[in-house]
Amino acid sequence: MSSRRPPRGEYIETDTGNKVARKATLVGTQNIMLGGKTVIQPDAIIRGDLVRTIHPSSQSGGNAAPQNNTAISIGRYCFLSRNCCLRPPGRLYKGAFTYMPLRMGDHVFIGAGSVVQAASIGSHVHIGAGSVIGEFAIIKDYVRILDGTVVPPNMVIPSFSIVAGQPARVIGEVPEGGHEAFELRDLYKTVGNNPQPAPH
Amino acid sequence: MATAFTPYSYIQCPCSDITLTDRRSGGSPTTSEPDGDDHAFDPRAPRSSFSLYPLEYLMYCEDCHQIRCPRCVAEEIVTYYCPNCLFEVPSSNLKSEGNRCNRSCFQCPVCIGPLAITSVETKPDPNLLAAPDNSATPLAGPYALTCSYCLWTSTEVGIQFDKHNGIHAQLAKLRNGGTTRLTAKERKERRKDPSYKGQPPPTDSQDLDHEAQFANLKAFYQGQLADPNAADAGLALLGDLGFSSPTSLSRIMSIYTGGGLLHDKKAKARLGAMREALDPDEGLLVASLDESAAIAKLRSEGLDGTASAAQRLGQAPNLVEPPLHGRERFLDSLRPVPHLLRTKRSKRCPVCRHIISKPESKVQTTRFRIRLVAGSYIPSISVRQLALSGGTGTGTSASGAAVPGAPLEPLKPAYFLLTFKNPIFETIKVTLGAPVTTPGRFASRVTVICPEFEVDANTDVWDEALKDNAERDREQRRRRGESISAGGGGINSANQLEVGKIWERGRNWVSIVVEVVPASLALAPGDPPLREDEDVLEIPMSVRVEWEAEMAGDEVGAAPSRSNSEAREKRELAYWCVLGLGRIRQR
Ligand SMILES: [Zn+2]
Ligand SMILES: [Zn+2]
Ligand SMILES: [Zn+2]
Ligand SMILES: [Zn+2]
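This is a predicted model, so every value here is computed, not measured. (Residues numbered from 1 in each chain as written. Chains lettered and ligands numbered in written order. Predicted model: local features only at pLDDT ≥ 70, side-chain atom pairs only at ≥ 80, totals over all residues. Heavy atoms only, no water.)

On to the overall build of chain B. Scanning chain B for helices and strands turns up 14 helices and 24 strands. Buried residues in chain B amount to 41% of all 587 residues. Of the contacts formed within chain B by residues at least 6 apart in sequence, a portion of 70% connects residues at least 24 apart. (Helix = DSSP H or I, 4+ residues; strand = E, 2+ residues; numbered from the N terminus. Buried < 20%, exposed > 50% of the residue type's maximum accessible area, 1.4 Å probe, protein only. Contact = heavy atoms within 4.5 Å.)

Next up, the structure:
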């Protein structure tokens, strides 16, 4: 994450357009992949240090594939709000504990104070504030998770679901006309060192 | 009222407009014109709550040029799939297997969380619960289903499995407590098997579950129908009423079994009555009305041991257990709930039957073949409160939102900014109409400062970006209103509140101001108290959009020639919407 030299703003803006708050906590940055144009707000925590320790491929016939140490991969136009926490899920694998990667698609919004330990999150996903996404949850594309939802571990949420509650349940369907609302391009422009006003 | 109020705009689908349907049946094809106060739309009318939708929920029929809502479209199922394993279920399976996933997808009967397959041997340790895949399922069986949210496990109801796959099939053979049962198929085979010939089938009606009882009854009645002497056999009491006559029975049977097998002429000709089932083997099930066991259990376990209404409703129809007679009131009689299947559906216009929405059939794709949403045809309306300091005299220092969501002061003018964004590639003319006072018990005064204006076309963003600077400058000046006023309403410079002037204009949007004077919510003595949400200030507003479009010729292939493109037709669309502005402060 090379900063594009001063002026010292609140955000570090990378060459690929990521805007990372100086006050965000990124641990193990070498294991965190950002797709570009992603916003990480102050006090967000990303645990790239919780990297996978057991590789299924390493067991079978020598080190054929180079080990991929990505702990968290984040697509384009994602928005990580204040105080949210991304943490790779972990479990026992053949008797030993290991973390597994957390993968996120494009246009994923994570609300303030939410904790995410999913195995995968698709594209065009909105996670409201104060939510908990349990370990190894799988969230497909075009999903809206309302504020304060607790998604239990291992839950699969299919596309076009509106989810709420503790534990989470599908309470509705994203209507056909609601797809565009997941776009985060405009939101991206409203933060950073030169924020633009929100368009009408 | 602790939570802040978010302003909203809902649009009324024409399908609920009685005047429109009347007119349509009368034969004249005119569009409805919501003009004047003679039938001003009342958003508080009980009927209204069924016809108002946020813009995202509305579709648009290009052939009828009309809005369509979830209530009036006709849906057709494209694909059935399990929301948990995301496997498609062929519709032929649905008839035989039912509408639930028969792989290993279960929900917790207590909290509806997902159930994971875990080994019974290892203690349910929260970290282990996050081990869904088979390679990680450690060791050998037996296995149980465990909730990853509330830690309920199927061993609590005495159910565990030998294998970690095919849970659905294994569960079908297990009763709560772990006793096995015969499936209908096994029962049938056993009946044929000579080694079981001698033994009578279980006669205890407690053993007779729904599936077995139905199978027995069906066999019994089919035997009766085939037996030519059935008429002599017994109870002719109700025969004349047709209640137990073979004809009515065969009709009912064909309804519930789906086959037309029972329609033979012989049976129809026979009008005599048949006897009824007399023992469990024939499908007779005596209701067990003795609830002393349940009462004793309630005494010992208390209310905590009982299942809630929601939990009981969440249960899948349980064909495995003997019929309830009130026994399924306890937590230990709940069973894992197989996931209900979900569907992908296409939608048709109810009037012209054209498809207006069609998703791709594959479960994992989110693309649509057809998706005609209202948002790409009619302007969106966003609502924001404006803080206007100063009275009308001092040029009003503009901009800056008021405290969003704060209650509105009664009898004190408040200003709201309505932004209309044009999604189409033509300039539209918008005409607004709102009753002077809101309908309902508390009449607030409403003034639309600029009820008529034009919104520029939704030109390509790139066109905009590529315009040379001079042009852009001119454009911006025009928008700021420094030069000639354009279009419908003139532009008011420096955001001043002036009747007939728009507030602000952008590429394809226009903002106008609405002034409201909220009513006082004071109640006279003897008035009924405020109803729920009666303090919300909602204003009905009619919107008429007019534009010129290229002739709706069906000559899709032929590129329109120059002269042809001149041929443009006027289009218009009118509808009611309701704007929720805020809650009025109660004194
Ligand atoms: Zn409708
Ligand atoms: Zn399934
Ligand atoms: Zn549970
Ligand atoms: Zn139509």
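Further notes follow.
When helices and strands are counted, chain A shows two helices and 23 strands. Against the compact-globule benchmark of 16 Å for 200 residues, chain A has a radius of gyration of 17 Å, which places it among compact chains. Burial analysis of chain A (200 residues in total) assigns 54% to the buried set. In chain A, the proportion of contacts linking residues at least 24 apart, taken out of those at least 6 apart, comes to 39%. Total accessible area on chain A stands at roughly 8,700 Å², and carbon and sulfur atoms take up 51% of it. For chain A, the centre of its 20 positive side-chain charges and the centre of its 14 negative side-chain charges are spaced 8 Å apart. (Rg over C-alpha atoms; globule rule 2.2 N^0.38 Å. Areas by Shrake-Rupley, 256 points an atom, 1.4 Å probe, with all protein chains shown as cover. Lys, Arg positive; Asp, Glu negative; His and termini not counted. Charge placed at Lys NZ, Arg CZ, Asp CG, Glu CD.)

This brings us to the coordination of the zinc ion (ligand 2). Note on the zinc ion (ligand 2): its protein donors are Cys82 of chain B (SG), Cys85 of chain B (SG), Cys101 of chain B (SG) and Cys105 of chain B (SG). The metal-donor distances range over 2.2 to 2.3 Å. Each of the four donor atoms bound to the zinc ion (ligand 2) contributes to angles spanning 104 to 118°, and the resulting shape is tetrahedral. (Donors = N, O, S within 2.8 Å, 3.2 Å for Na, K, Ca; no water. Tetrahedral: all angles 85-135°; square planar, octahedral: opposite > 155°, others 65-115°.)

This brings us to the nonpolar core. Counting residues in each nonpolar core, the largest one holds 56 residues, and the members touching the most others are Ile378, Phe420, Phe453 and Ile512 of chain B. Of all the elements, strand S23 (residues 536-550) of chain B adds the most residues to this core, at seven residues. When sequence neighbours within four positions are dropped, the list of residues in contact with Ile512 of chain B reads Phe416, Leu417, Leu418, Phe420, Leu432, Val448, Cys450, Phe453, Ile502 and Trp503 of chain B. Listed in part, the 44 residues of the second largest apolar core include Tyr77, Cys84, Phe109 and Val116 of chain A. (Core = buried A, V, L, I, M, F, W, Y, C linked by side-chain atoms within 4.5 Å.)

All right, on to the coordination of the zinc ion (ligand 4) then. Working reference: metal with six octahedral donors, ideal angles 90 or 180 degrees; metal with four tetrahedral donors, ideal angle 109.5 degrees. Residues and elements named next belong to chain B. With distances of 2.2 to 2.3 Å, the protein atoms coordinating the zinc ion (ligand 4) are Cys61 (SG), Cys64 (SG), Cys349 (SG) and Cys352 (SG). Considering all four donor atoms around the zinc ion (ligand 4), the spread of angles at the metal, 100 to 113°, places the coordination shape in the tetrahedral class. For Cys352, a relative accessible area of 25% translates into the label partly exposed.

This paragraph deals with the sheet that holds strand S16 (residues 125-127) of chain A. Strand-to-strand pairing in sheets goes through backbone hydrogen bonds, with the strands running parallel or antiparallel. Residue and element names in this part refer to chain A. Pairing in this open sheet of nine strands is mixed, and the strands run S1-S2-S5-S8-S13-S16-S19-S22-S23 from one edge to the other. What marks the edges here is a single partner per strand, and that holds for strand S1 (11-13) and strand S23 (169-173). The pairing of strand S5 (residues 39-40) with strand S8 (residues 79-80) spans two bridges and is classified as parallel. Bridging across to S8, Ile40 finds its partner in Leu80. (Pairing = 2+ DSSP bridges.)

One pass over the full model with this rule turns up 24 salt bridges over all chains. For the salt bridge of Arg47 of chain A with Asp49 of chain A, the shortest nitrogen-to-oxygen distance reads 2.9 Å. We note a salt bridge from Arg348 of chain B to Glu76 of chain B, for which the minimum N-O separation is 2.4 Å. With Arg348 of chain B in strand S11 (residues 342-348) and Glu76 of chain B in strand S5 (residues 74-81), this pair connects stretches of sequence that are 272 residues apart. A network of salt bridges, in which partner residues are shared, links Glu173 of chain A together with Glu75, Arg342 and Arg345 of chain B. (Salt bridge = Lys/Arg side-chain N within 4 Å of Asp/Glu carboxyl O.)

On to the interface of chain A and chain B. Often, the extent of an interface is quoted as the loss of accessible area on bringing the components together. Between chain A and chain B, the residue contacts involve 33 residues of the former and 39 residues of the latter. Of the roughly 3,000 Å² buried between chain A and chain B on both sides combined, carbon and sulfur atoms contribute 57%. Remark: the boundary between chain A and chain B carries four salt bridges. Between Arg345 of chain B and Glu173 of chain A there is a salt bridge; the shortest N-O distance is 2.6 Å. Among the elements that take part in the side of chain A that touches chain B, strand S10 (residues 90-93) of chain A stands out by supplying four residues, more than any other. Partitioning the side of chain A that touches chain B into residue classes produces 16 nonpolar, nine polar and eight charged. (Buried area = accessible area lost by both parts, 1.4 Å probe. Nonpolar A, V, L, I, M, F, W, Y, C, P; charged D, E, K, R; others polar.)

Turning next to the sheet that holds S5 of chain B. Residues and elements named next belong to chain B. The five strands are arranged S6-S5-S11-S12-S13 in an open sheet whose pairing can be described as antiparallel. The open sheet has two edge strands, strand S6 (88-89) and strand S13 (368-371), and neither has a second partner. Where strand S12 (residues 355-359) meets S13, three bridges bridge the pair, whose relative direction is antiparallel. Following the sheet pairing, Ser357 is matched in S13 by Arg371.

For the rest of this paragraph, the subject is unusual backbone geometry. Residue and element names in this part refer to chain A. Here the amide bond leading from Gln166 into Pro167 is cis, since omega sits at 5°, within 30 degrees of zero. Following the sequence through the fold, Pro167 ends up in the loop between strand S22 (161-164) and S23. For Asn83, which is not glycine, the phi dihedral falls at a positive 65°. Note on placement: Asn83 falls in the loop between S8 and strand S9 (85-86). On the accessibility criterion, Asn83 (49% relative accessible area) is partly exposed.

Residues and elements named next belong to chain B. Most of strand S22 (residues 509-517) is tucked away, with nine of its nine residues classed as buried. Of the two faces of S22, both are covered, the one formed by Trp509, Ser511, Val513, Glu515 and Val517 as well as the one formed by Val510, Ile512, Val514 and Val516. Relative to S22, strand S17 (residues 445-448) runs antiparallel, the two being bridged by four bridges. By the bridge assignment for S22, Thr447 is matched with Glu515. With two bridges joining them, strand S21 (residues 504-505) and S22 adopt antiparallel strand pairing. Across the sheet, residue Glu504 finds its bridge partner in S22, namely Ser511.

The next subject is the packing of aromatic side chains. For the structure on display, the rule yields eleven aromatic pairs over all chains. With a centroid separation of 5.7 Å and an interplanar angle of 80°, the aromatic rings of Tyr142 of chain A and Phe182 of chain A are classed as edge-to-face. Placement of Tyr142 of chain A in the loop between strand S18 (138-139) and strand S19 (143-145) and of Phe182 of chain A in the loop between S23 and helix H2 (185-189) is noted, with a sequence separation of 40 residues between them. Since its relative accessible area comes to 3%, Phe182 of chain A is described here as buried. Members of the aromatic cluster, each reached through a chain of ring pairs, are Tyr142, Phe160 and Phe182 of chain A together with Phe368 of chain B. (Phe/Tyr/Trp six-rings, centres within 6.5 Å; stacked < 30°, edge-to-face > 60°.)

For Val286 of chain B, the location among the structural elements is in the loop between helix H9 (265-269) and helix H10 (292-301). In this structure, the C-alpha to C-alpha distance between Val286 of chain B and Ser48 of chain B, residues 238 residues apart in sequence, is 49 Å.

Here the focus is a nonpolar patch on the surface. All names here are of chain B. Together, Ile252, Ile255 and Tyr256 line one region of the surface with nonpolar side chains, adding up to about 340 Å² of accessible area. Here Tyr256 lies in helix H8 (residues 246-257). Look at Tyr256 and you get exposed, because its relative accessible area is 65%. (Patch = residues over 30% accessible without salt bridge, like charges linked within 9 Å, V, L, I, M, F, W, Y side chains within 5 Å.)

Residue and element names in this part refer to chain B. Summing up the model confidence of chain B, the mean pLDDT is 77 and the portion of residues at 70 or higher is 67%. For the stretch residues 21-38, pLDDT sits under 50, and the model shows 18 contacts to residues farther than four places along the chain or on other chains. This stretch, residues 390-401, has a pLDDT under 50; its non-local contacts, to residues over four places away or in other chains, come to 20 contacts. Across the whole predicted complex the pTM is 0.80, and at the interface the ipTM reaches 0.89. (pLDDT = per-residue confidence, 0-100.)

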